[in-house]
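One letter stands for each residue in the lines below.
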Amino acid sequence: MAKENNNTTATVSLTYDQAMARVETIVQQLEQSEAISLSEYKQLADEAHGLLAFCRKEIETLREGLELSEYGAHNS
């Protein structure tokens, strides 16, 4: 998965669990920080958005694989 950091793109390999853990950390930061700047808030929100998109894609890929497995089992 690629994520932006300070206007540069870095390729970072994450698992679904790692991505969700990072999203949880971001949510906690946003909920607990009263002195967060608008730019930092936007950066964290953008990161979380990208991570959630990655997680949705992982779930969709898994779902499609399960459907194919189920289809194959019924046609054997």
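Residues numbered from 1 in each chain as written. Predicted model: local features only at pLDDT ≥ 70, side-chain atom pairs only at ≥ 80, totals over all residues. Heavy atoms only, no water.

Caption draft 1: Geometry of the overall build of the protein chain. A count of helices and strands for the protein chain gives 2 helices and 2 strands. Starting at the N terminus and walking to the C terminus, you meet the elements of the protein chain as β-β-α-α. Of the contacts made within the protein chain by residues no fewer than 6 positions apart, 56% connect residues no fewer than 24 positions apart. For the protein chain, the accessible surface area stands at approximately 6100 Å², while carbon and sulfur atoms represent 52% of it. (Helix = DSSP H or I, 4+ residues; strand = E, 2+ residues; numbered from the N terminus. Contact = heavy atoms within 4.5 Å. Areas by Shrake-Rupley, 256 points an atom, 1.4 Å probe, with all protein chains shown as cover.)

Caption draft 2: Representation of the pattern of salt bridges within the structure. All told, the structure shown has 4 salt bridges when counted by the stated rule. The partner of Glu47 in a salt bridge is Arg22, with the nearest N and O atoms 2.9 Å apart. Separated by 25 residues along the polypeptide, Glu47 in helix H2 (residues 38–74) and Arg22 in helix H1 (residues 16–32) bring together distant segments of the chain. With a relative accessible area of 15%, Glu47 lands in the buried category. Under the relative-accessibility criterion, Arg22 is labelled partly exposed at 28%. With a shortest N-O distance of 2.2 Å, Arg63 and Glu67 are connected by a salt bridge. Highlighted residues: Arg63 and Glu67, both in helix H2, separated by 4 residues, approximately one helical turn. When salt bridges that share partners are traced, they join Glu60, Arg63 and Glu67 into one network. (Salt bridge = Lys/Arg side-chain N within 4 Å of Asp/Glu carboxyl O. Buried < 20%, exposed > 50% of the residue type's maximum accessible area, 1.4 Å probe, protein only.)

Caption draft 3: Representation of the nonpolar core in the model. Membership of the largest hydrophobic core is limited to 9 residues, which are Ala19, Val23, Ile26, Ile36, Leu44, Ala48, Leu51, Phe54 and Cys55. Of all the secondary-structure elements, those providing two or more residues to this core are H1 and H2. Element by element, the count of residues in this core is highest for H2, at 5 residues. For Val23, the contacting residues outside a window of four places in its chain are Ala48, Leu51 and Leu52. (Core = buried A, V, L, I, M, F, W, Y, C linked by side-chain atoms within 4.5 Å.)

Caption draft 4: Representation of the confidence of the model for the protein chain within the structure. Considering every residue of the protein chain, the mean pLDDT works out to 83; 78% of them sit at 70 or more. When mean pLDDT is compared element by element in the protein chain, H1 scores highest at 95, while strand S2 (residues 8–11) scores lowest at 35. (pLDDT = per-residue confidence, 0-100.)

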